[in-house]
Amino acid sequence: MPHSCPPAKISARTGPIGLLVFSLLLASCGGGGGGDSGGYSSSSGSSGSSSGSSSGRGSSTLTTAAPGSTPSTAFNTALGGGVYQSDAGLLTLPANALSFVLHLQGSSVGTRTRFNALKDPNGSTVSISHADCPTGAQYCNLLVPQKPGVSVTTGQWQYWLQSNSSSGGTFSVSVSTRAGTLSGGAYVTVQPYLTGTRFTTAQVSAAMERLRSTYANNGVTVTVNTPITISGSSYASVSTNYNNSTTGALISQGSAGVVNLFFVEDFLDGDTSLLGLVPNIPGSLGVAGNYDGFLINVSAHLVGVNLDTSFLGDTAAHEMGHFMGLYHTTESDGSSYDILDDTPRCTTDTNRDGLYSLSECLNSDGHNLMFWQGSSGTDQTTLTSDQQHVLRYSPIAQ
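Source: prediction; values computed, not measured. (Residues numbered from 1 in each chain as written. Predicted model: local features only at pLDDT ≥ 70, side-chain atom pairs only at ≥ 80, totals over all residues. Heavy atoms only, no water.)

S.K.: Break down the overall build of the chain for me, with residues and values.
M.R.: In terms of regular secondary structure, the chain is built from five helices and 22 strands. A total of 398 residues make up the chain; the buried ones form 56% of that total. Accessible surface for the chain amounts to roughly 14400 Å². Of this, 48% is attributable to carbon and sulfur atoms. (Helix = DSSP H or I, 4+ residues; strand = E, 2+ residues; numbered from the N terminus. Buried < 20%, exposed > 50% of the residue type's maximum accessible area, 1.4 Å probe, protein only. Areas by Shrake-Rupley, 256 points an atom, 1.4 Å probe, with all protein chains shown as cover.)

Structure, rendered in structure tokens:
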């Protein structure tokens, strides 16, 4: 059965009553809907603040390579509805594998070609219902595990692609594998970048302290590298299209081993209240390039003439959750939820306006970091055990 495609991106915008609203921007994609997506990230710099102790810390490494085999460009199995499936691609996981991400890149990806199915070494089908493949993105991926109970089994895995024609077009496949031992929690390094001249690295550092504290309270030790200022007026305001040449050049300055956050003055396109967006859920963990980071619109966090750094930090924390593999607990229209078993779901639309707002959902998941709508005046810093599990196993974590 053809795999359905999720919407194109997660955005954030200020609401009519001063709320921070993380809204879903839908996009058609040759195969249906489901799930959400997002983005933010960057790289090197001297070590900054961190939280927690290194005692009990595991030892793992992230490596990226070609899989055992890549499907041919001839997609010969007709699935119906004008959709065709490739032959099986293969990848072999080592005995100490903890998680992996399959990366699909190329000019036809998202427009014509995307992932269709995944099977573990025992022949069991692994759900990819939330695998993200925005239309025209030129990048898609599969994260395993996306939830507790999914085993990263040693041995040979199989994966299949699908296309809206009997030719898969232009694409390449790689796999990033995290292998080693687990720690008691998760350890993540974050590299913030700042463009333009309107805002300061001190303001970025204040926002990152808010992010660090939120994650520390959820078992994730975040080391924040010293913010790096990127010169050049062309990067002050950029397009939200990650395939744009300027945006791609900016994001590509990050490195593959950390979470890269790019704070820009403003966006050149889209809603002026757009706070930030990620290119995919998760990001291209383990693969450097124009999908290995996410953008934050600093100007959209101004309250009057003053920058609300707590507001900015909340946006960064929310989008970093997306970048590492988390979805919204409840979507804005209540039509979909994340795939985790222990996250509460909001089913209350008291005023029947079609939106499951923060005020209507405070008794369910409104206080969760990954709720779709937020407010700087409301505590939304909690994550459930299953959400913490996803972060702990994320390939970018240690």
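Moving on from the model shown.
S.K.: Run through the side chain of His130, naming residues and quoting values.
M.R.: With respect to the helices and strands, His130 occurs in the loop between strand S8 (113-119) and strand S9 (139-144). On the basis of relative accessible area, His130 is assigned to the buried category, the value being 9%. For His130, the side chain forms a polar contact with the side chain of Ser129, separated by 3.5 Å. Reaching out from His130, the side chain makes a polar contact with the backbone oxygen of Tyr337 at a distance of 3.4 Å. (Polar contact = N/O pair within 3.5 Å; in protein donor to acceptor, adjacent residues only side chain to side chain.)

S.K.: Outline the state of the cysteines, supporting the account with residue identities and numerical values.
M.R.: Tallied over the entire structure, the rule returns two disulfides. Each sulfur of the disulfide joining Cys133 and Cys140 lies 1.9 Å from the other. In this structure the cystine formed by Cys133 and Cys140 twists about its S-S bond by roughly 55°; its chirality is therefore right-handed. By the burial criterion, Cys133 is buried, and Cys140 matches it. At a sulfur-sulfur separation of 2.0 Å, the disulfide partner of Cys346 is Cys361. With the S-S dihedral at roughly -75°, the linkage between Cys346 and Cys361 falls on the left-handed side. Of this pair, Cys346 sits in the loop between helix H3 (309-324) and helix H4 (358-361) while Cys361 sits in helix H4, and the two are 15 residues apart along the sequence. (Disulfide = S-S within 2.5 Å.)

S.K.: Mind laying out the sheet that holds strand S7 (residues 97-105), listing which residues take part and the relevant values?
M.R.: The four strands are arranged S3-S11-S7-S9 in an open sheet whose pairing can be described as antiparallel. For this open sheet the edge positions go to strand S3 (60-65) and S9, each flanked by a neighbour on one side alone. The mean angle between the axes of side-by-side strands here comes to 15°, regardless of whether they run parallel or antiparallel. (Pairing = 2+ DSSP bridges. Axes fitted to C-alpha atoms, helices over the stretch in contact; angles between N-to-C directions.)

S.K.: Describe the packing of aromatic side chains, naming the residues involved and giving the relevant values.
M.R.: Counted under the stated rule, the structure contains seven aromatic pairs. Ring plane angle 70° and centroid distance 6.4 Å describe the contact between Phe115 and Tyr159, whose orientation is recorded as edge-to-face. Here Tyr159 lies in strand S10 (residues 155-163) and Phe115 lies in strand S8, a separation of 44 residues in the sequence. When sorted by exposure, Phe115 lands in the same class as Tyr159, which is buried. (Phe/Tyr/Trp six-rings, centres within 6.5 Å; stacked < 30°, edge-to-face > 60°.)

S.K.: Describe the pairing of S10, and please don't skip the residues or the numbers.
M.R.: Here S10 lies mainly inside the structure; seven of its nine residues are buried. Pairing of strand S5 (residues 83-85) with S10 involves two bridges; the strand directions are antiparallel. Paired with Tyr84 across the strands is Ser163, a residue of S10. Pairing of strand S6 (residues 89-93) with S10 involves five bridges; the strand directions are antiparallel. Within S10, the residue paired with Gly89 across the bridge is Tyr159. By the bridge criterion, six bridges tie S8 to S10 in an arrangement that is antiparallel. What sits directly across from Leu118, in S10, is Tyr159.

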